[in-house]
Amino acid sequence: MMWRMNVHVDADRCQGHGRCYLTAPGLFEADDLGSGRPIGDGAVPVALQHDARLAVANCPERAVSFEGT
Amino acid sequence: MGLHDRVTDWARDFDHTDEGWAADPYPIWDELRSTCPVARSERYGGVWLPTRHEDVVAIAYDTDHFSSRSVVVSKFRAPVEIAPVGTAPPISSDPPFHKQARKVLLPVFSPRAVSALEPSTRAYCEELLEQMRGREVVDAAADYAQHIPVRVIANMLGLPEADADVFRGFVHHVLEGVSLPIEERVAGMLPLFDYLEKHIADHVGNPRDDLISLLLDSEVDGRKLDGFEVARMILLLLIAGIDTTWSAIGASLWHLARTPADRRRLLAEPGLMPVAVEELLRAYAPVTMARLVKEDMDWNGCPMKADDWVLLPFPSANRDPAAFAEADTVVIDREVNRHLAFGVGIHRCVGSHLARMELTVALGAWLAAIPDFELAEPAAVRWSEGQVRGPRILAIRRPALP
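Residues numbered from 1 in each chain as written. Chains lettered and ligands numbered in written order. Predicted model: local features only at pLDDT ≥ 70, side-chain atom pairs only at ≥ 80, totals over all residues. Heavy atoms only, no water.

(A) Quick look at the packing of aromatic side chains. Residues and elements named next belong to chain B. Counted under the stated rule, the structure contains eleven aromatic pairs over all chains. For the ring pair Tyr26 and Trp29, a centre distance of 5.4 Å and an interplane angle of 80° mean the geometry is edge-to-face. On the criterion of helical spacing, the pair formed by Tyr26 and Trp29 is a turn pair, its members being three residues apart in helix H2 (residues 26-35). Here Trp29 falls in the buried class, since its relative accessible area comes to 2%. Through successive ring pairs, a cluster of aromatic residues spans Trp10, Trp21, Tyr26 and Trp29. (Phe/Tyr/Trp six-rings, centres within 6.5 Å; stacked < 30°, edge-to-face > 60°. Helix = DSSP H or I, 4+ residues; strand = E, 2+ residues; numbered from the N terminus. Buried < 20%, exposed > 50% of the residue type's maximum accessible area, 1.4 Å probe, protein only.)

(B) Structural detail: the interface of chain B and chain A. The interface is formed by 23 residues belonging to chain B together with 21 residues belonging to chain A. Here chain B and chain A share an interface that buries about 1,800 Å² over both sides, 46% of which is from carbon and sulfur atoms. On the surface where chain B and chain A come into contact, there are two salt bridges. Salt-bridge contacts for Asp32 of chain A lead to Arg112 of chain B; the nearest nitrogen and oxygen are separated by 2.9 Å. Those elements that place two or more of their residues in the side of chain B that touches chain A are helix H4 (97-105), helix H5 (111-115) and helix H17 (352-369) of chain B. Along the lines of polarity and charge, the residues of the side of chain B that touches chain A split into eight nonpolar, seven polar and eight charged. (Contact = heavy atoms within 4.5 Å. Buried area = accessible area lost by both parts, 1.4 Å probe. Salt bridge = Lys/Arg side-chain N within 4 Å of Asp/Glu carboxyl O. Nonpolar A, V, L, I, M, F, W, Y, C, P; charged D, E, K, R; others polar.)

(C) Looking closely at empty space enclosed by the protein. All names here are of chain A. Scanning the entire structure with this criterion turns up three cavities of 30 Å³ or more. Here the largest cavity defines a volume of roughly 100 Å³. Every residue lining the largest cavity is counted, 14 residues in all, and those nearest its centre are Cys14, His17, Gly18, Cys20 and Cys59. Taken together, the residues of the lining of the largest cavity sort by class into seven nonpolar, five polar and two charged. (1 Å grid on protein atoms, 1.4 Å probe; cavity = no way out; pocket = protein on both sides within 12 Å on 5 of 7 lines; lining within 4 Å. Points joined across faces, edges and corners; volume = space filled by probe spheres on them.)

(D) Quick peek at unusual backbone geometry. In this chain, Cys36 of chain B is followed by Pro37 of chain B through a cis amide linkage whose omega measures -20°. Relative to the elements of secondary structure, Pro37 of chain B occurs in the loop between H2 and strand S1 (38-41). That bond from Pro95 of chain B to Pro96 of chain B is cis: its omega, 0°, falls within 30 degrees of zero. Tracing the chain through its elements places Pro96 of chain B in the loop between strand S3 (66-67) and H4. A positive phi angle, close to 55°, is found at Arg62 of chain A, a residue other than glycine.

(E) Up close: the sheet that holds S3 of chain B. Residue and element names in this part refer to chain B. Reading across from one edge, S1-S2-S10-S7-S3 is the order of the five strands in this open sheet, with mixed pairing throughout. Each end of this open sheet is capped by a strand with a single partner; those strands are S1 and S3. With two bridges joining them, strand S2 (residues 47-50) and strand S10 (residues 309-313) adopt parallel strand pairing. Looking at the pairing, Trp48 lines up with Val310 of S10. (Pairing = 2+ DSSP bridges.)

(F) Structural detail: helix H13 (residues 227-258) of chain B. Residues and elements named next belong to chain B. The first and last C-alpha atoms of H13 sit 47 Å apart over 32 residues, in line with the 46 Å expected at 1.5 Å per residue. Of all the 32 residues making up H13, 28 are buried; the element is thus mostly covered by neighbouring parts of the structure. N-cap assignment for H13: the residue whose side-chain oxygen lies 3.1 Å from the backbone N of Phe228 is Asp226. (Expected span 1.5 Å × (residues − 1). Polar contact = N/O pair within 3.5 Å; in protein donor to acceptor, adjacent residues only side chain to side chain.)

(G) Expanded view of the side chain of Arg319 of chain B. All names here are of chain B. Examined against the element boundaries, Arg319 turns out to sit in the loop between helix H16 (314-317) and H17. Arg319 gets classed as buried once you look at its relative accessible area, which sits at 7%. Excluding anything up to four places from it in sequence, Arg319 contacts Tyr26, Asp30, Arg33, Arg282, Ala283, Tyr284, Ala327 and Asp328.

(H) Examining the side chain of Arg389 of chain B more closely. Residue and element names in this part refer to chain B. By the secondary structure assignment, Arg389 is in the loop between strand S12 (382-383) and strand S13 (391-393). Asp24 is the oppositely charged side chain nearest to the buried, salt-bridge-free Arg389, at an N-O distance of 5.1 Å. A polar contact is formed between the side chain of Arg389 and the backbone oxygen of Ala22, at a distance of 3.0 Å. Setting aside anything within four residues of it in sequence, one finds Arg389 in contact with Trp21, Ala22, Ala23, Asp24, Pro25, Tyr26, Ser247, Pro286, Trp383 and Ser384. (Lys, Arg positive; Asp, Glu negative; His and termini not counted.)

Printed below as a string of C-alpha cells:
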C-alpha cells in the first residue's frame, strides 16, 4: 500500500507569516486574516512532495507538519 | 549622532546607535554570538542584547516575562500603567488585549487585500524610475526606495501623499532621536499627534473608504476605538510601514549593486524572485525589536531587572550559523529559509505581506528599468542608526544611455 502524506497547520502556532502558501500554493491557502491552512484534506500528491517539505522547513513558527498514515 | 560615547566594549557597554553598529553590525553580532552571547549595557538605563537565534526566539515567545509596551529603546520608558495597550497598539500591546487590536488590522493587511494594491505600487515604482531616466548616477535610497512605502501607506490610511516629508520627519524622530533628553523626545512627538488629530477629526466628519475611517469604525473589547487610540495605531503604521520597507528595498539594491552574479541570475530567472526576496530579507532584515523586562529575574544566567530593555535583533538571529547554513552568505536560491525578518510569535509583523509585495515589486521594476548597475561611491553609502537598518544614502551608477 502507498504511503499517504498529509500536511497540517497548527492553528495555535500559526501567526500568519504566509510562508506555507507562498512556498507551496498548491497545498496551502490563506484565510481572511492571512493564516495558513491546507487546501482540502491536505493530501500531498507525489508531484508536490518537495513543496510540502519546503513548507514545513520554512515556517518560522514550526506550525506546519506532516501527518503520515 | 554625537550624543553618545563611542563603543569600545560591545559585550559590556554596547550602543545600538553607535556609528560602528550602523555601518556594519554583522561582525559585532558574530563576535558576541560566539563569545558572549547575551551582551549588557548600562546605557538607556540598562539594556540586554541576546544575539543567538535560539535566545531571540525564546524571548519573543515569552510574553509572561517580557512586555512590549515600549518597543523602541530610548531613555524614555512608557510607564507600566500603559500596558497592555502600549504606546502604539498592537505592536506595543501585551496579551490579552494584543489579539483584539491585531484582529482589527489583519484583514486590511491580508495577502488578498495586499494583492489589490500591487498594480498601483508597480505603477508608482515605474513613475519614480521614469523620473530618474537619463541620469547616470541616482540615489537608490533617496530617489527611489524611500518614496514607495510612504506613498502606499498614505494612500491606505487616507492621508495626503504630499505630506510624505512630514511623515518621514516624524518617523526619523521616533526611530533615530532615541538619544535625546526625555523632554525633547516627548516634545518631538506632539506635532505628529496634532497632525493626526486634525485628519482624524476630518474623517469623523466625513467617513470614507480608507483605513482611518475603518479604524474609527472598529471595535475592540466591545467598544469603538477613540480618536487617541486610532492616532496611536496610525503612529504604528507610519513608523512600522515606512522606514522598514524603505530599508529592505535599499539594502537589497545595495546587495545587487555589489553582486553582479545575483543580478544576472534574477534577470535570467525571474521565477527565482520569491525565493531571492526571502533570502534578501534574511540577510538584510532591517528590524530589531525591543521588550521591557516585567519583573526581576534570572534569565539564562542574566540578572535581569524590572524595566531593563531587551533588544531582539532579528537580523542577528538570521545570521546565526546554528540556524542557517552559510549564514553570512547571501545564497540567492536558498530554498530552506526559516528567517525571522518579520519577527516570530504573536507580534509577527502585521504588515509583512504588504512589505513583501512592495519589496518584490520595487526590485522587479528596478531590474526591468536598470538591469545593470553598481555602487557609484561605495565609501559614501550611509546607513540609518538604531533599530531599523537600511541605506539612507546609496548612490548608484548605471551605464550611460546610448
